[in-house]
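# Fold and geometry: a report
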Amino acid sequence: MSFHIIKQLNADAQEGSAAEAAETAAITNVPEETTNTVEIQQPVAETLATAHDDFDWSVDKRNVTSYTADEKAKYDSVYDNTFKQINDGEMIQATVESLTKTDAVVNIGFKSDGLISLNEFRDIPGGVKVGDVIEVMVVEKEDREGNLHLSRKSARTTRAWEKIVEVHKTGEIVTGQVTSKTKGGLIVDVFGMETFLPGSQIDVKPVTDYDQFVGKTMEFKVVKINEAIKNAVVSHKALIESDIEAQRAEIMGKLEKGQVLEGTIKNITDFGAFLDLGGLDGLLYITDISWGRINHPTEVLKMDQKLNVVVLDFDDDKKRISLGLKQLTPHPWDTLTENLKEGEIVKGKVVNIEDYGAFLEIMPGVEGLVHVSEITWANTPINAKEFFKLGDEYEAKVVTLDKDTRKMSLSIKQMTEDPWSSIETNFPEGSRHMGTVKNITPYGVFVELSTGIGGMIHISDLSWLKRFNNPNEYTKVGNQIEVVIMNIDKDNRKLQLGHKQIEEDPWNTLETTFPVGSIHDGTVVKKDDKGAIVQLPYGLEGFAPARHLAKEDGKTIVAEEVAKFMVIEFDRNDKRIVLSHTRLWEQVIEEEKQAVAKERKAEAEVTKKAVKNLQSKVEKSTLGDLGVLADLKAKMESNASDAAAAEEQPKAE
């Protein structure tokens, strides 16, 4: 690099004499012919062409030193060595030269100093001081304003990321400070870089309060990094688990079935409780908590409760341990008193209900079954789930007891006398009683007369006059109904009941009221393809076949229509009346035909008698008389033919 040291003379020097210029040239060892010419600028009023127009007035050779090539190379080397060569993104050591209110001035040996905001030194206790040596990153050698842009924060982040990547590879444990809480976890400062600690990685136990960890310094393990976005995930739980795993291995090596351990309840679920055995978890299943039945472990256990348990089983591969609490006490069946035997009255609480019965807990761990057949003396089926409720208490009699198999059967109905033992006395045949409808089936109604005593009314025994498709057309469950005891089956505990029998059979007198051929007003209450049900007086119902519903105008009687009907059949045994509306107007037509036939027959008889009289008086007939007789005979034969046809038509119908 060549240098030209140019010194601008002041205005007085420019106005000096030529001698002074020669003296200056001699001092600077510049040849006279190379001395710069001082240009004295004066106002030019007018540009005139002179002989000096070709002179370059901009060249000033005064105070200029010329160097040889070797000297220039030497000076270039000296200049280059006074400054450091730096690049953007480079990490470099810097010295704090001075401090302002907002920034620190740092020297990195470059042609200019850099400024770093004091906010980037907040992590240094007491703040940064003049003379401190720090590591910075060159963000830009020259920004828009020509300043050197440095950053200590970027340098710390870069160094921190390099360390985090290294410890992630080696698995080394690091120390960090929890700085704040965020969604789903905590922010941890590790080596000056923010990392994420998920809530599930804080502890082996579920953590709900994250605020308690803010500000704490803890040990962590880097479990995941993302090179693209330079993000890291740390875990404190991994350290705990590694310690627990070592403890587990030690505990599992000493475990034996039947061994009694002390544990602390760390979690309670619907199916049991998990106990911390000192680094190893064990499961205390709900059925192994108590000899008695419990609906939920919280009925007996509490969180953080310490208790002794026995090892029932364990699996080295799956690291599972089954624990028992009730096994530390003898089985209640083994401690039953000698006074408990068959026939004794006991009191128990319903702890389980099945379709076939209910289990009563006599004492914790000792249960007896009340079968559905031992609930009531009644012969009607009972649903145990509708009869019993969990927690209800009942007194029952011990029916069977087997201590070896630990089974007991109980009976509630035997707490009272069997009502069927005196059934003939309390409910003799032919007696009338009020009962409650308990159940309805398509074929009958079940009626309860008293506790344990009941029977069925067949659908045909509900009414003398009406026929029902289903008994619920007549009565409903819960209604009171009067019945007559018709039959007693003591062996099978069944009663045959009747309801219509409380009244006399009206069919004995209905035959005189509804004889065949009688005509009555009726209302069609129901109609189908086969015919119609007709409501008659006195609540009686009759049946009209479809062909007997035709009217004289060709139409058919419809439902809810009122019309006259003729009784064409009355069957007392089958309790059936057959009706016809068509027969009414057909009978009128028939009667008219019969009247006409009768009249014609009478006329024929009169004519016949007249002919006989005439024949007896006339002995000899003339040809004219014969003609009259022939006409008479033809008329008589015609009348006789009409009369015979009229007689045959009713017979055919």
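Structure: above.
Residues numbered from 1 in each chain as written. Predicted model: local features only at pLDDT ≥ 70, side-chain atom pairs only at ≥ 80, totals over all residues. Heavy atoms only, no water.

### Structural notes on the pattern of salt bridges
The cut-off we apply is this: The working definition used for a salt bridge is a side-chain nitrogen of Lys or Arg within 4 Å of a carboxyl oxygen of Asp or Glu. Secondary structure counts use DSSP, requiring at least four H or I residues in a row for a helix and at least two E residues in a row for a strand, with both numbered from the N terminus. With a 1.4 Å probe rolled over the protein chains alone, any residue whose accessible area is under 20% of its type maximum counts as buried; one over 50% counts as exposed, and the rest are partly exposed.
Applying the stated criterion to the full structure yields 16 salt bridges. Notably, a salt bridge pairs Arg-293 with Glu-367, separated by 2.6 Å at the nearest N-O pair. Of this pair, Arg-293 sits in the loop between strand S13 (281–285) and strand S14 (306–315) while Glu-367 sits in strand S18 (residues 366–371); the two residues are 74 residues apart in sequence, bridging distant segments of the chain. The exposure class assigned to Arg-293 is partly exposed, which follows from its relative accessible area of 40%. Overall, Glu-367 belongs to the buried group, its relative accessible area being 16%. Note that Glu-448 is salt-bridged to Lys-438, the shortest N-O span being 3.6 Å. Of this pair, Glu-448 sits in strand S22 (residues 444–450) while Lys-438 sits in strand S21 (residues 432–441), placing them 10 residues apart in sequence. Owing to a relative accessible area of 47%, Lys-438 belongs among the partly exposed residues under this scheme. What emerges from the salt-bridge pattern is a single network uniting Glu-135, Arg-159 and Glu-162.

### Considerations on the sheet that holds S18
Strands pair in a sheet through their backbones, by hydrogen bonds, and they do so in one of two ways: parallel or antiparallel. What counts is decided by this rule: Pairing between two strands requires that DSSP report at least two bridges joining them. Angles here are taken between N-to-C directions and fall from 0 to 180 degrees, while the axes themselves are lines fitted to C-alpha atoms, restricted in helices to the stretch in contact.
Taking strand neighbours around the barrel as the criterion, the five strands line up as S16-S17-S18-S20-S19 in a closed arrangement whose pairing is mixed. Averaged over all neighbouring strand pairs, the angle between strand axes comes to 50 degrees, with direction disregarded. The sheet contact formed by strand S16 (residues 345–354) and strand S17 (residues 357–363) spans five bridges and is antiparallel. Within S17, the position partnered with Glu-354 by the bridge is Gly-357.

### Comments concerning the sheet that holds strand S5 (residues 148–151)
Rules: Residue contacts are counted whenever heavy atoms from the two residues lie within 4.5 Å of one another.
Spatially, five strands are ordered S1-S2-S3-S5-S4 in a closed barrel, and the strand pairing comes out mixed. If you compare each strand with its neighbour and ignore which way they point, the axes differ by 50 degrees on average. Of the pairings in the sheet, the one linking strand S1 (residues 91–99) to strand S4 (residues 133–140) comprises five bridges and is antiparallel in character. In the strand pairing of S4, Gln-93 is matched with Glu-135. Packing of helix H4 (residues 152–170) onto the sheet brings it into contact with S1, strand S3 (114–117), S4 and S5, and relative to S4 it is tilted by some 100 degrees.

### A closer look at the environment of Gly-478
By the element assignment, Gly-478 lies in the loop between strand S23 (453–458) and strand S24 (480–489). Owing to a relative accessible area of 42%, Gly-478 belongs among the partly exposed residues under this scheme. C-alpha of Gly-478 to C-alpha of Val-447: the two residues are 31 residues apart in sequence and 9.4 Å apart in space.

### Description of the packing of aromatic side chains
Defined as follows: The aromatic pairing rule takes the rings of Phe, Tyr and Trp, using the six-membered ring of Trp, and pairs them if the centres are within 6.5 Å, calling planes under 30 degrees apart stacked, those over 60 edge-to-face and the rest tilted. By definition here, charges over rings are those cases where NZ of Lys or CZ of Arg is within 6 Å of the ring centre and within 35 degrees of the ring normal.
In total, this model carries five aromatic pairs according to the counting rule given. The interplanar angle of 80 degrees and the centroid separation of 4.9 Å between the aromatic rings of Phe-387 and Phe-388 together place this pair among those described as edge-to-face. For Phe-387, a relative accessible area of 36% translates into the label partly exposed. Its relative accessible area of 2% is what places Phe-388 among the buried residues. An aromatic cluster of at least three residues, connected via ring pairs, comprises Phe-387, Phe-388 and Tyr-394. Arg-293 extends its terminal NZ or CZ atom over the ring of Phe-359, reaching a point 5.6 Å from the ring centre.

### Quick look at the side chain of His-236
Here His-236 is to be found in the loop between strand S10 (231–235) and helix H5 (237–254). Every residue in contact with His-236, bar those within four places of it in the chain, is listed here: Leu-197, Gln-201, Ile-202, Met-218, Glu-219 and Phe-220.

### Considering the side chain of Lys-326
This is how it is decided: Only four residue types enter the tally: Lys and Arg on the positive side, Asp and Glu on the negative side; His and the chain ends are excluded.
By the secondary structure assignment, Lys-326 is in the loop between strand S15 (320–324) and S16. Despite being buried, Lys-326 has no salt bridge partner; Asp-288 is the closest side chain of opposite charge, sitting 4.3 Å away. Not counting residues up to four positions away in its chain, the partners in contact with Lys-326 are Thr-287, Asp-288, Ile-289, Ser-290 and Trp-291.

### Focus on the pairing of S1
In terms of strand pairing, S1 meets strand S2 (residues 103–107) through four bridges, oriented antiparallel. Each residue of the ladder has a partner; that of Val-96, found in S2, is Val-106.

### Things to note about H4
An α-helical segment advances 3.6 residues per turn. Residues three or four places apart therefore align on the same side. We apply this condition: To estimate how far a helix should reach, multiply one less than its number of residues by 1.5 Å. We define a polar contact as two N or O atoms separated by no more than 3.5 Å, with the added condition that, inside protein, one atom must be a possible hydrogen donor and the other a possible acceptor, whereas residues neighbouring each other in sequence contribute only through side-chain atom pairs.
Between its terminal C-alpha atoms H4 stretches 27 Å, which fits the 27 Å expected from 19 residues at 1.5 Å a residue. For H4, the complete set of buried residues consists of Arg-152, Ala-155, Ala-160, Trp-161, Ile-164, Val-165 and Val-167. Among the residues of H4, the N-terminal cap falls to Ser-151, whose side-chain oxygen and the backbone nitrogen of Lys-153 are separated by 3.5 Å. Phi turns positive one or two residues past the end of H4, at Gly-171, with a value near 75 degrees.

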